[in-house]
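Observations on the model geometry
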Amino acid sequence: MRHGFKRASILPGFWPAFGYSVFYLSLIVLVPLSAVFLKTATASWAHFWKTISSPGVVASYKLSFGASLAAAAVNVAFGLVVAWVLVRYRFPGKRLVDALVDLPFALPTAVAGIALTSLYTEHGWIGRWLVKVGIRVAFTPIGVFVALVFIGLPFVVRSVQPVLEDVDPQMEEAAASLGANRWLTFSRVVFPLLRPALLTGFAMAFARALGEYGSVIFISGNMPMRTEITPLLIVTRLEQYDYAGATAIALVMLVASFALLLTINLLQWRSRRYAEAA
Amino acid sequence: MAIEARNITKTFGRFTALRDVSLEVKEGELLALLGPSGSGKTTLLRIIAGLERPDPGAGSVLFEGQDVTDQRTGQRRVGFVFQHYALFRNMTVFENIAFGLRVRPRAERPSKKYIQDRVRELIALIHLEGMADRYSSQLSGGQRQRVALARALAIEPKVLLLDEPFGALDAKVRQGLRRWLRRLHDEVHVTSVLVTHDQDEALEVADRVVVMNQGRIQQIGAPEEVFHHPASEFVMDFMGSVNLFHGRIDGGKAVFGQLVLDHPNGTGAEGQPARLFVRPYDLDIHAQHDGRPGLRARVERVQSAGPQVRVELVAETGEAVTVEMSHVQFRDSRVGPGDSVYVSLRDARIFMEDYTI
Amino acid sequence: MKPRSDAAHHDPALLRYGLILVALLFLGLFVVLPLIAVFAQALEKGWGAYWAAITEPDALSSIRLTLLAAGIAVPLNVVFGLAAAWAIAEFQFRGKNVLITLIDLPFAVSPVIAGLIYVLMFGAQGWFGPWLNQRDIKIIFAVPGIVLATVFVTFPFVARELIPLMQAQGTEEEEAALVLGASGWQLFWRVTLPNIKWSLLYGVILCAARAMGEFGAVSVVSGHIRGETNTMPLHVEILYNEYNFAAAFAVASLLALLALVTLGAKRLLEWKVRQDYSSLTAVEGAEG
């Protein structure tokens with residue numbers, strides 16, 4: 001066969017499999033997603049701009065973006081510790097702990113939402129102690145932050161673990177034999193290897209946090225201009241049948257998500273090349 | 001079953017794997033396709049099997065005179081043994097061997113009992129009795145390859161095609177399996193085509209050898225013929241070690257430094273470059289000129305740790321020469337490093353420059 | 001492979017215990033405590049109230065709807081996953097990477113937007129709104145919309161598990177089966193499928209768990225009609241917003257149990273899946 005779209009093969013079933021996949025993908029994902037872009041195209045630019053730059057919406061950008069960034073950063077720091085401990089050390093119950101890391105990923109967001117809220121309200125198990133020190137978590141931006149730390153937790157740990165497992169112990173032994181102490185060995189030898197995975201994990205946790213809804217809306221309290229996250233504003237616009245407004249905000253979110261998706265893919269592609277070269 | 005490949009050309013993108021290759025495989029013979037990687041031998045084998053198709057309009061494959069070029073591989077009744085075995089990892093040895101019989105359409109499928117008997121027969125043939133329930137991950141490389149062979153034989157193929165079947169195995173295992181394959185072939189008499197890059201293997205096992213290079217056939221013949229009467233430089237160089245001398249045609253003779261030889265083509269090719277190929281064991285070392293054509297050389301190194309003694313010398317023309325002789329001969333010659341000696345030729349081939357237009 | 005924990009002796013004991021403590025505290029605070037809270041709050045009013053909460057008619061219908069949505073979404077996405085993996089892993093064609101990235105799209109999209117797009121298509125003011133209205137077909141604020149949204153958010157799960165494995169496994173076994181005379185279906189059922197069964201099961205479990213737990217997307221398309229268009233997560237939300245905390249947590253505890261079962265199955269299968277990958281190198285190994 002000519003060197004065109006597909007290389008000739010004697011295995012059967014390409015066109016049915018490929019055709020069905022593309023059909024199903026278009027039907028379920030591509031066509032519906034395009035509705036956002038097309039709908040925005042029909043609305044006027046003025047209306048679009050007014051919606052996405054209105055004070056409430058801008059406040060939600062700040063909250064969503066800021067809290068997601070902070071939460072992802074915290075997850076990088078602690079996720080690294082958790083991954084290190086799971087890969088390098090032995091302690092009773094380690095397997096259980098390893099399995100629990102996936103819980104935020106497996107637990108339905110609404111369940112996480114109400115559970116976290118109940119913990120951090122004034123009478124909650126944790127909230128009651130924090131109130132005594134003057135810190136309110138539930139129904140404040142801090143609550144949003146806490147919820148986003150929860151759901152982003154597995155991303156960094158699972159990103160770093162495989163890379164850490166593959167680190168050659170002989171490299172560290174070589175550094176030690178050359179006189180480096182543990183800190184130097186870690187910061188100069190091991191950490192650079194983990195950087196790409198940390199970056200990828202950060203990006204994934206950040207992306208997930210930006211779009212998160214269920215875990216956050218209970219603990220946030222949804223107070224206008226203060227604790228409204230951007231996805232919530234889409235929902236409220238929809239409930240008011242303001243399709244154009246909802247779509248406008250959705251477009252902003254989609255652009256951000258796609259940019260992140262591309263970044264993550266690029267990062268993963270680069271780290272794979274780096275790993276292969278090693 | 002006789003096989004014929006006619007004028008096969010096959011390209012992969014910009015790479016041409018086979019250029020107008022034609023080949024006939026005789027009924028019942030064991031033919032070896034020998035050549036370096038990239039020579040096209042595996043591609044040719046796969047085209048015969050139906051795992052690849054020749055470029056459109058560029059060649060055909062015939063089984064017993066019938067054109068099967070467009071026939072699906074499953075319909076050709078060929079047995080194919082892959083280089084990396086390709087055993088079905090989720091099936092036992094028994095299930096692997098029985099596979100070809102079990103997937104036959106209802107109408108042609110043999111009875112359960114027949115399948116059982118046949119598989120057990122084959123398991124005995126490959127000496128793996130008692131391992132019928134093992135999975136491939138529980139077998140050694142050599143055992144896996146034997147299962148792959150049995151699996152191919154189970155469907156009673158008209159031709160057996162083997163793609164570097166022993167390439168991934170240890171040297172000792174390879175040798176044992178080689179001999180076993182030859183004996184098997186003598187017993188079963190299936191027309192077989194074997195692809196290999198190992199010339200020892202081809203020479204030891206095959207009835208005829210096809211030497212290939214860069215998508216073309218260089219020579220076809222019995223092992224002795226290909227080895228002792230190579231048709232081209234490439235064949236001679238590829239089959240075993242060789243000493244190479246550069247020279248040219250001068251005054252009707254082939255001249256290599258002090259070495260002057262008669263050459264049949266000498267009259268028509270005045271001034272043209274020529275190359276002299278000599279096997280290491282076709283050279284003798286003497287203290288003096290012994291009347292045969294040869295040249296002076298100085299002994300650099302003697303390697304006597306091995307089945308033969310290898311003497312490395314430098315000729316007066318500056319070229320490196322390697323001579324092989326038995327230990328007895330070496331002792332008799334009393335030669336040592338630094339000695340100046342005379343190296344004489346017993347047999348050699350002269351090749352003119354290959355001009356490809 | 002040597003266990004990595006023997007590298008532990010490189011780190012001083014104080015550091016080791018310190019880090020383990022930090023890790024455990026962090027996980028305890030953010031993961032374990034919320035989990036315990038769910039069950040503790042669910043049982044606050046005793047077993048009687050717990051049982052009543054989960055057997056109440058609206059709760060039961062929410063369970064039914066959840067199972068229905070998952071029961072439709074999972075098989076659909078399995079068929080897609082198998083088809084996509086077959087095309088991508090066994091053939092070479094242009095734009096393969098584009099296809100793979102597109103399959104990942106639902107992961108990048110916020111669940112709320114996942115619901116929004118179907119409202120835009122099938123809602124009262126949507127593209128097909130008037131058309132559907134004429135024929136009295138309801139998609140949004142009805143079960144079909146919920147199923148659609150669920151299919152969307154769980155779209156990539158099965159494909160993502162199968163594609164890398166099948167790519168790593170290569171096409172040799174399939175070629176061998178073809179030469180031996182197998183037809184396309186025979187080779188798929190007998191050779192390909194058994195080789196991917198653990199990854200497939202893993203993908204199915206991830207897909208089902210996510211399908212049952214989805215909240216944001218379903219919330220947008222559902223209309224929150226009690227007893228009709230509420231899945232379990234939505235029912236939890238309604239109970240919670242009515243300050244019926246014990247009941248909300250009771251239903252939530254069922255979902256939490258499901259999550260724990262998923263985690264357990266994940267561990268078991270992960271081990272099996274890793275075996276699948278490591279057996280690849282074992283088969284091609286060069287020993288005598």
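Everything quoted here is computed from the prediction, not taken from an experiment. (Residues numbered from 1 in each chain as written. Chains lettered and ligands numbered in written order. Predicted model: local features only at pLDDT ≥ 70, side-chain atom pairs only at ≥ 80, totals over all residues. Heavy atoms only, no water.)

**A few points about the overall build of chain A**
Defined as follows: Secondary structure counts use DSSP, requiring at least four H or I residues in a row for a helix and at least two E residues in a row for a strand, with both numbered from the N terminus. Throughout, a contact is declared for two residues whenever any of their heavy atoms are within 4.5 Å.
Summing up its helical and strand segments, chain A has 13 helices and zero strands in all. Secondary structure elements in chain A, listed N-terminal to C-terminal, are α-α-α-α-α-α-α-α-α-α-α-α-α. In terms of principal-axis extent, the alpha carbons of chain A reach across some 75 × 70 × 30 Å. In chain A, the proportion of contacts linking residues at least 24 apart, taken out of those at least 6 apart, comes to 73%.

**Thoughts on the interface of chain A and chain C**
The condition that has to hold: Summed over both partners, the accessible area (1.4 Å probe) lost when two parts come together is defined as the buried area. Any carboxyl oxygen of Asp or Glu within 4 Å of a side-chain nitrogen of Lys or Arg constitutes a salt bridge here.
Between chain A and chain C, the contact holds 94 residues from the first and 94 residues from the second. When chain A packs against chain C, the two sides together hide about 8,500 Å² of surface, and 78% of this comes from carbon and sulfur. Remark: the boundary between chain A and chain C carries two salt bridges. The closest approach of N and O atoms between Asp98 of chain A and Arg267 of chain C, which form a salt bridge, is 2.8 Å.

**A word on the sheet that holds strand β15 (residues 283–286) of chain B**
Residues and elements named next belong to chain B. The criterion, for reference: Only when DSSP finds a minimum of two bridges between them are two strands counted as paired. All axes here are fitted lines through C-alpha atoms, helices being fitted over the stretch that makes contact, and every angle between N-to-C directions spans 0 to 180 degrees.
If you walk across this open sheet you meet the five strands as β15-β19-β16-β17-β18, and the pairing is antiparallel. The strands lining the two open edges of the sheet, one partner per strand, are β15 and β18 (320–325). For this sheet the average axis-to-axis angle between neighbouring strands, irrespective of direction, equals 45 degrees. Pairing geometry for β15 and strand β19 (residues 340–345), over four bridges, is antiparallel. The residue bridging Ile285 from the neighbouring strand is Val343, located in β19.

**Things to note about the packing of aromatic side chains**
Given two aromatic rings, one states the distance between the centres and the angle between the planes to describe the pair. Rules: The criterion for an aromatic pair is that two Phe, Tyr or Trp rings (for Trp, the six-membered ring) have centres within 6.5 Å, with stacked assigned to planes under 30 degrees apart, edge-to-face to planes over 60 apart and tilted to the rest. Under the scheme applied here, a residue whose accessible area is under 20% of the maximum for its type counts as buried, over 50% as exposed, and between as partly exposed, the area being computed with a 1.4 Å probe on protein chains only. Only Lys NZ and Arg CZ are tested; either one counts as a charge over a ring when it is within 6 Å of the ring centre and within 35 degrees of the ring normal.
Taken as a whole, this structure holds 41 aromatic pairs over all chains when the rule is applied. Relative to Phe18 of chain A, the ring of Trp15 of chain A lies with its centre 6.0 Å away and its plane at 85 degrees, an arrangement referred to as edge-to-face. Within this pair, Trp15 of chain A and its partner Phe18 of chain A are both found in helix α1 (residues 14–42), separated by three residues, close to a single helical turn. For Trp15 of chain A, a relative accessible area of 52% corresponds to the exposed category. Residue classification places Phe18 of chain A among the buried positions, given a relative accessible area of 16%. Ring centres of Trp47 of chain C and Tyr50 of chain C lie 5.6 Å apart, and the angle between their planes is 75 degrees; on these two criteria the pair is classed as edge-to-face. Remark: Tyr50 of chain C and Trp47 of chain C occur in helix α2 (residues 46–55); sequence separation between them is three residues, near one turn of the helix. Through pairs of rings, three or more aromatic residues link up here, namely Phe5, Phe14, Trp15 and Phe18 of chain A together with Trp86, Phe91, Phe93, Trp185, Phe188 and Trp189 of chain C. Lying over the aromatic face of Phe14 of chain A, Lys6 of chain A brings its terminal NZ or CZ to 5.2 Å of the ring centre.

**Re the sheet that holds strand β2 (residues 15–25) of chain B**
Residues and elements named next belong to chain B. Strand order in the open sheet formed by four strands is β2-β1-β4-β5, with antiparallel pairing between adjacent strands. Looking along the sheet, the strands with just one partner apiece sit at the ends: β2 and β5 (66–67). Here strand β1 (residues 3–12) runs beside β2; their pairing, made up of seven bridges, is antiparallel. Considered in β2, the bridge of Lys10 is made with Leu18.

**Here's the deal with the pairing of strand β6 (residues 78–81) of chain B**
Residue and element names in this part refer to chain B. The side-chain alternation of β6 yields two buried faces, one formed by Val78 and Phe80 and the other by Gly79 and Val81. In terms of strand pairing, β6 meets strand β7 (residues 159–163) through four bridges, oriented parallel. Its bridge partner lying in β7, Phe80 is registered against Leu161.

**Quick look at the pattern of salt bridges**
Pairing between side chains of opposite charge can happen when their charged atoms approach one another. Within the structure shown, the criterion is met by 33 salt bridges over all chains. In this structure, Arg88 of chain A and Glu172 of chain A form a salt bridge, with 2.7 Å as the shortest nitrogen-oxygen distance. Taken together, the positions of Arg88 of chain A in helix α3 (residues 55–88) and Glu172 of chain A in helix α9 (residues 169–177) put the pair 84 residues apart, joining distant regions of the chain. Asp284 of chain B is the partner of Arg292 of chain B in a salt bridge, and the nearest nitrogen-oxygen pair spans 2.9 Å. A residue is classified by how much of its surface remains accessible, and Arg292 of chain B, at 28% relative accessible area, is partly exposed.

**Remarks on the confidence of the model for chain C**
Residue and element names in this part refer to chain C. Applied cut-off: By definition, pLDDT measures how confident the predictor is in each residue, and it falls between 0 and 100.
Per-chain confidence: chain C averages 88 in pLDDT, with 93% of residues scoring 70 or above. Counting contacts from residues 1–8, a segment whose pLDDT is below 50, to residues more than four positions away or on other chains yields 15 contacts. Across residues 283–288, confidence stays below pLDDT 50; counting only partners more than four residues off in sequence or on other chains, it has 21 contacts.

**So, the environment of Glu24 of chain B**
Looking at where Glu24 of chain B falls in the secondary structure, it is placed in strand β2. Sequence separation between Glu24 of chain B and Ala5 of chain B is 19 residues; the distance between their C-alpha atoms is 6.4 Å.

**A short note on a positive patch on the surface**
Counted only if it meets this: Excluding any residue in a salt bridge, patches collect residues exceeding 30% relative accessible area, merging like charges within 9 Å and nonpolar Val, Leu, Ile, Met, Phe, Trp and Tyr side chains within 5 Å. We get accessible surface area from the Shrake-Rupley algorithm with a probe of 1.4 Å; when it comes to residues, only the shown protein chains can shield them. In this tally, Lys and Arg are treated as positive and Asp and Glu as negative; His is ignored, and so are the chain termini. In this description, the location of a charge corresponds to atom NZ of lysine, CZ of arginine, CG of aspartate or CD of glutamate.
A contiguous patch of positive charge on the surface is contributed by Arg102, Arg106, Arg109 and Lys112 of chain B together with Arg190 of chain C. Structurally, the position occupied by Arg109 of chain B is in the loop between α2 (93–102) and α3 (112–125).

**Topic: the side chain of Thr231 of chain C**
Residues and elements named next belong to chain C. Structurally, the position occupied by Thr231 is in the loop between α12 (216–222) and α13 (232–241). Residue class for Thr231 comes out buried when judged on its relative accessible area of 4%. Once residues within four sequence positions are removed from consideration, Thr231 is found in contact with Ser62, Leu65, Thr66, Ile146, Glu214 and Val218.

**Let's talk about the side chain of Ser60 of chain A**
With respect to the helices and strands, the residue Ser60 of chain A is situated in helix α3. Sequence-distant contacts of Ser60 of chain A, defined by excluding residues within four places in its chain, comprise Phe65, Glu228, Ile229, Thr230 and Leu233 of chain A.

**Points about unusual backbone geometry**
Of note, Arg77 of chain B is a non-glycine position whose phi angle comes to about 55 degrees, a positive value. Within the secondary structure, Arg77 of chain B is located in the loop between β5 and β6. By relative accessible area, which is 33% here, Arg77 of chain B ends up partly exposed. Despite not being glycine, Tyr243 of chain C has its phi angle at roughly 65 degrees, a positive value. The exposure class of Tyr243 of chain C is exposed, given its relative accessible area of 65%.

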